[in-house]
Amino acid sequence: MSIAKPLPFSAETIARIASEYPTPFYLYDERGMRETSRRLLKAFSWNPHFKEYFAVKATPNPHIINLLKEEGLGADCSSLPELLLSESVGITGEDIMFTSNNTLAHEYAAAKKLGAIINLDDITHIDYLREGVGLPDILCFRYNPGSAREGNVIIGKPEEAKYGFTEAQLFEGYRKLRDLGVKRFGLHTMVASNELNGDFFVETARMVFDLAVRISKEIGVRIEFVNLGGGIGIPYRPEQKPVDLDVVGKGVKALYDQIVVPAGLDPLKVFMENGRMITGPHGFLVTRAVHHKHIYRDYVGVDACMSNLMRPGMYGAYHHITVLGKESAPHDRIVDVVGSLCENNDKFAINRPLPVVERGDLLVIHDAGAHGHAMGFQYNGKLRSAELLVRPDGSVKKIRRAETVDDYFATLDFSEFSQK
Ligand SMILES: *Cc1c(COP(=O)(O)O)cnc(C)c1O
């Protein structure tokens, strides 16, 4: 088994950056994010209105959202701050999908004001939106197929998921919108997360194409777009293969020709809202080894912790680790790579074969570009790191500074305590 995973930057480049910026920090590869975006758009270019709405929650940084916008991506938002982030880089109107759940009226109001496509998560939200904010002229519903689909490990079984409408509610909902005078309609679903089997997305397309046809026929409304959701997986493990986007695009096109065209629904816009596959492989958490500990197991302690990247602790997720400069040294030590949180799940790797790690060595934690920094938190007084963008010309741009102790205390009022 190969244990190497390539990096887009040389060990020297990363070491140079680490001599200028204190570890830990995130490093993003702009070229990689742009190329991946282009590959996805190309795979669906047969659909003239295909749009990828980048799931802002994956990497909520305006510099990154802006470069994705330059590639033609829109934004998938689920909260007011995510809407504001998108607006800040000029993504507005129908270049935003607002796919939220358990949504508050003020967030619907902000989405409507921006002209975003609002995607309702529940049938009761038709009245909630109408009464609180007013109905927009385009609306979308999120479908939860329940036992009709299996889901996968990260997202769980659709039947147990809190999201979306049942099939019966979809029909009832479109009928209601039609009677209320809404004119434009979309249909959305999101049934997988980090799925590496491309067929899964083709099956999702079949499901929503079939539904769109049945809804149009039965209710007499024209479904203008279907959104297949996000969830395209990435190969976190070196032996895994990425999803072949061209195969998925071709598979979806074949079903479009087979289901959508004969039913008279062409042109039907196809949308997706991936986060992970766009930025995930192109972001790295760079951290430095500090301590060694040998008790019942052997530990390498680094200067990052779970507050910088919680996927391993939260989901037991695998993130590959490269010890810089020791890529071809024998990986004959079995260690846990740990942070400093007072939580035993603060581990980036468990029983991982690595070369001998010495104090000061740089460790690069791969595939941290999505749901990485974004999930960071401050428990235990740990602060979130800086984010650095490596431009295609090799220059480095700081796109978020590291938090300071003052940031941590910013919401507290110390005025009655004389010692501070
Ligand atoms: C999280 C999420 C996404 C993006 O998921 P990825 O796995 O990052 O592609 C898209 N749509 C919705 C509704 C989500 O909740």
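Residues numbered from 1 in each chain as written. Predicted model: local features only at pLDDT ≥ 70, side-chain atom pairs only at ≥ 80, totals over all residues. Heavy atoms only, no water.

Draft legend 1. Geometry of helix α7 (residues 167-179). In this model α7 runs 19 Å from its N-terminal to its C-terminal C-alpha over 13 residues, within 8% of the 18 Å that 1.5 Å per residue would give. Its buried side turned inward, α7 meets α6 (125-132), β6 (138-143), β7 (184-189), α8 (199-219) and β8 (223-227). (Helix = DSSP H or I, 4+ residues; strand = E, 2+ residues; numbered from the N terminus. Expected span 1.5 Å × (residues − 1). Contact = heavy atoms within 4.5 Å.)

Draft legend 2. Just the pairing of strand β3 (residues 74-77), in detail. Here β3 shows a buried face lined by Gly74 and Asp76 and a second buried face lined by Ala75 and Cys77. Bridge count between strand β2 (residues 51-55) and β3: three bridges; the pairing is parallel. Bridge assignment links tyrosine 53 to a residue of β3, and that residue is glycine 74. Crossover β2 to β3 through helix α3 (residues 62-70) is right-handed. Note that β3 and strand β4 (residues 96-99) share three bridges and pair parallel. Bridging across to β4, aspartate 76 finds its partner in methionine 97. The parallel pair β3 and β4, bridged by helix α4 (residues 80-88), forms a crossover whose chirality is right-handed. (Buried < 20%, exposed > 50% of the residue type's maximum accessible area, 1.4 Å probe, protein only. Pairing = 2+ DSSP bridges. Right-handed = clockwise from strand over helix to strand, strands pointing away.)

Draft legend 3. Helix α1 (residues 11-20), seen in detail. Considered for burial, the residues of α1 that qualify are Ile14, Ile17 and Ala18. Seen along its axis, α1 keeps its buried residues to an arc of 100 degrees; they face one direction. For α1, the exposed residues lying more than 90 degrees away from the buried face are Glu12, Ser19 and Glu20. (Arc of directions from axis to C-beta.)

Draft legend 4. Layout of the site of the ligand. Not every one of the 14 residues close to the ligand is listed here, only the nearest: Lys57, Gly231, Glu273, Arg276 and His371. Within the side chain of glutamate 273, an N or O atom sits 2.7 Å from a nitrogen atom of the ligand. Here an oxygen atom of the ligand and a side-chain polar atom of histidine 371 are 2.8 Å apart. In terms of residue class, the shell around the ligand is built from two nonpolar, seven polar and five charged. (Near = heavy atom within 4 Å. Polar contact = N/O pair within 3.5 Å; in protein donor to acceptor, adjacent residues only side chain to side chain. Nonpolar A, V, L, I, M, F, W, Y, C, P; charged D, E, K, R; others polar.)

Draft legend 5. Structural detail: the sheet that holds β6. Read around the closed barrel, the eight strands follow the order β2-β3-β4-β5-β6-β7-β8-β9; overall the barrel is parallel. Between one strand axis and the next, the sheet turns by 25 degrees as a mean value, whatever way the strands run. Strand contacts of α4: β3 and β4, with the helix running at about 165 degrees to β3, the strand carrying the most contacts. (Axes fitted to C-alpha atoms, helices over the stretch in contact; angles between N-to-C directions.)

Draft legend 6. Region of interest: the nonpolar core. Counting residues in hydrophobic clusters, the biggest one holds 98 residues, and the most contacted among them are Tyr174, Leu187, Phe209, Ile215 and Val226. Ranked by residue count, the leading element in this core is α8, at twelve residues. A domain split of this core shows at least three residues from each of domain 1 (11-26 + 280-409) and domain 2 (30-279). With 14 residues, the next largest nonpolar core counts Ile17, Ala18, Phe284 and Leu388 among its residues. (Core = buried A, V, L, I, M, F, W, Y, C linked by side-chain atoms within 4.5 Å. Domains from an automatic or database assignment.)

Draft legend 7. Spotlight on the packing of helix α2 (residues 30-43) against α3. Their axes nearest at 10 Å, the elements α2 and α3 cross at an angle of 40 degrees. As far as their axial angle goes, α3 and α2 are oblique. Between α2 and α3 the crossing geometry is right-handed. Across the interface between the two elements, Glu30, Met33, Arg34 and Ser37 of α2 pack against Ile64, Leu67, Leu68 and Glu70 of α3. (Parallel < 35°, antiparallel > 145°, perpendicular 65-115°, else oblique. Left-handed = near helix turned anticlockwise from the far one by under 90°.)

Draft legend 8. Up close: the domain arrangement of the protein chain. In terms of domains, the protein chain is made up of domain 1 (11-26 + 280-409) and domain 2 (30-279). Relative placement of domain 1 and domain 2: their C-alpha centres are 32 Å apart. Taken together, the contact pairs 22 residues of domain 1 with 24 residues of domain 2. Together, the buried faces of domain 1 and domain 2 total about 2,000 Å²; carbon and sulfur atoms form 55% of this surface. Considering only the surface of domain 1 that becomes buried against domain 2, His282, Tyr318 and His371 emerge as the three largest contributors, covering 29% of it. Inspection of the region where domain 1 meets domain 2 yields one salt bridge. Ionic pairing is found between glutamate 30 and arginine 391, a salt bridge with its closest N-O pair at 2.5 Å. In this assembly, domain 1 and domain 2 are joined by 14 residue pairs in polar contact (both at pLDDT 80 or more). (Buried area = accessible area lost by both parts, 1.4 Å probe. Salt bridge = Lys/Arg side-chain N within 4 Å of Asp/Glu carboxyl O.)

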